[in-house]
Structures are given as C-alpha cells and as structure tokens.
Amino acid sequence: MRAAAIPMPRLDKMPGMFFSANPKDLKGTDHSLLDDTPQKRRPKTFGMDVKAYLRSMIPHLESGMKPSKSKDILSADEVMQWSQSLEKLLANQTGQDVFGNFLKSEFSEENIEFWLACEDYKKTESDLLHCKAEKIYKAFVHSDAAKQINIDFRTRESTAKKIKAPTHTCFDEAQKVIYTLMERDSYPRFLKSNIYLNLLNDLQANSLK
C-alpha cells in the first residue's frame, strides 16, 4: 500500500533553513544569515525535508498534472541548466535552495550562506555598510566565528583590514575563494547526488505524460 504523502511546511518556515527570495525578509527572524549563535550539528535526516520541499515546488509530480508555465513550478529544462555552471545554479532561487540543502547534508552550508550574505551586502546603502560588514565578519570570517568559512590566513587578515573602512567590495576576495571552493568541490558532487538526479528524472518523466 502506498504511504500517504505527509505535508511539510514551507522551506523558509522550517527550522535551520536559511534562504529567502528577498534578503530583507531575513530581518527580525530567528534564521538570519548573520545569526552567529552556535548551532548543533544534526544527523543526516534531511531526506524527507528536501523531498517535501521539492514536492511543493513541483506539485504536478504528485497530482499527475502536466507542468504549467507558472514561475513557481520547475521545468526539466530549467533544472538541466543548473548543470551548465555553478553560476547558472546560483542565479536561480530554487537552485539556491536545493543546492543549499545539499550543502547542509555535507555540513558546509556556511559557504552558501556567506556567498548570499556577500551578494546582499553589495546592495547595501552606503551609510549601513559599516554595521553590516561587522556582522558578516563576525558571523563568517572571524577566527572564532560560529559559521567560520574555510579561507586562508592572508585572505582572512586582508578582509579584517578592509572592513575597518568598508566599501561594497571589501568581501569580494573572500567571496571569490568560497565560490571557487564550492565550484571545484561541492558543485560536482551535487550534480551526481540523488537530490539533483531524482529531481531531474522526475521532471523529465512527468514532461512525457
């Protein structure tokens, strides 16, 4: 007997999830990208959460309906484009979410959290740069940061100096290091992961109905 599908909450409402279509939505929440409160590592029991999230993004897979042209529904072509480059993947909101869940399964979600925080920082108004730069530095770059990213000593020290007189580019060097790390390490594994392949296969199968 087929088990009934269990409805799951939206990704942005789930504990530990950190993505938002609008960075401003992160303000005032308990899941801010810049929340430096130490968090316990959880065992890899993320499969159902990811599956439920993807099901919510592609409801036609459950109902048997053909995919519509709604922006909220994924297409096989869209997901296939994620394999072209990490840039293509991160340019897509759902791609960010799915990749983020993959990184979470590898306990390296701080990389994409930092990358997204840097993208948001570049859009910051000049009079708010100092405050936001301090938060990003303390959350991800400082040697005692709860979500410390894996960058070399020279880049860490260089970034520390730059935030004393912050500009919109003071995190560019560190962000590039983390992007390259994801591109060479996590991204190739993501493309071979069940999370990505199952999603793509389901979408391709459904498009033939």
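Overview of the structure. What you see is a predicted model; the values in this text were computed from it and never measured.

**A look at the environment of Ser186**
- Within the fold, Ser186 resides in helix H9 (residues 172-191).
- According to the relative accessible area criterion, Ser186 is buried, its value standing at 4%.
- Along the primary structure Ser186 and Asn111 are separated by 75 residues, whereas in three dimensions their C-alpha atoms are 9.9 Å apart.
- Sequence-distant contacts of Ser186, defined by excluding residues within four places in its chain, comprise Phe99, Phe102, Leu103, Glu106, Ser108 and Leu181.

**Let's talk about the pattern of salt bridges**
- Under the definition given, this model contains 8 salt bridges.
- A salt bridge links Lys147 to Glu113, with the nearest nitrogen and oxygen atoms 3.0 Å apart. With Lys147 in the loop between helix H7 (129-141) and helix H8 (153-162) and Glu113 in helix H6 (residues 110-121), this pair connects stretches of sequence that are 34 residues apart. Each member of the pair, Lys147 as well as Glu113, is classed as buried.
- Here the salt bridges share partners, and the residues they tie into one network are Glu106, Asp185 and Arg189.

**Things to note about H6**
- Helix length check: H6, at 12 residues, gives a terminal C-alpha distance of 16 Å against a target of 16 Å (1.5 Å per residue), a fit within 8%.
- Burial analysis of H6 places 10 of its 12 residues in the buried class, which makes it a mostly covered element.
- Among the residues making up H6, those that are buried are Glu110, Asn111, Ile112, Glu113, Phe114, Trp115, Leu116, Ala117, Cys118 and Tyr121.
- For H6, the elements touching its buried residues are helix H4 (86-90), helix H5 (93-105), H7 and H9.

**Quick look at the side chain of Ser108**
- Among the structural elements, Ser108 can be located in the loop between H5 and H6.
- For Ser108, a relative accessible area of 11% puts it in the buried group.
- Here Ser108 is in contact with Leu103 and Ser186, once residues within four sequence places are set aside.

**What about the side chain of Thr155?**
- As for its placement among the helices and strands, Thr155 is situated in helix H8.
- Assessed through its relative accessible area of 1%, Thr155 is described here as buried.
- Once residues within four sequence positions are removed from consideration, Thr155 is found in contact with Glu173, Ala174 and Val177.

**Examining the environment of Lys162**
- Looking at the element boundaries, Lys162 is found in helix H8.
- Classification of Lys162 by relative accessible area gives partly exposed; the value is 32%.
- C-alpha of Lys162 to C-alpha of Ala133: the two residues are 29 residues apart in sequence and 9.5 Å apart in space.
- Excluding anything up to four places from it in sequence, Lys162 contacts Cys170 and Glu173.

Each value, and the rule that gives it
Residues numbered from 1 in each chain as written. Predicted model: local features only at pLDDT ≥ 70, side-chain atom pairs only at ≥ 80, totals over all residues. Heavy atoms only, no water. Helix = DSSP H or I, 4+ residues; strand = E, 2+ residues; numbered from the N terminus. Buried < 20%, exposed > 50% of the residue type's maximum accessible area, 1.4 Å probe, protein only. Contact = heavy atoms within 4.5 Å. Salt bridge = Lys/Arg side-chain N within 4 Å of Asp/Glu carboxyl O. Expected span 1.5 Å × (residues − 1).

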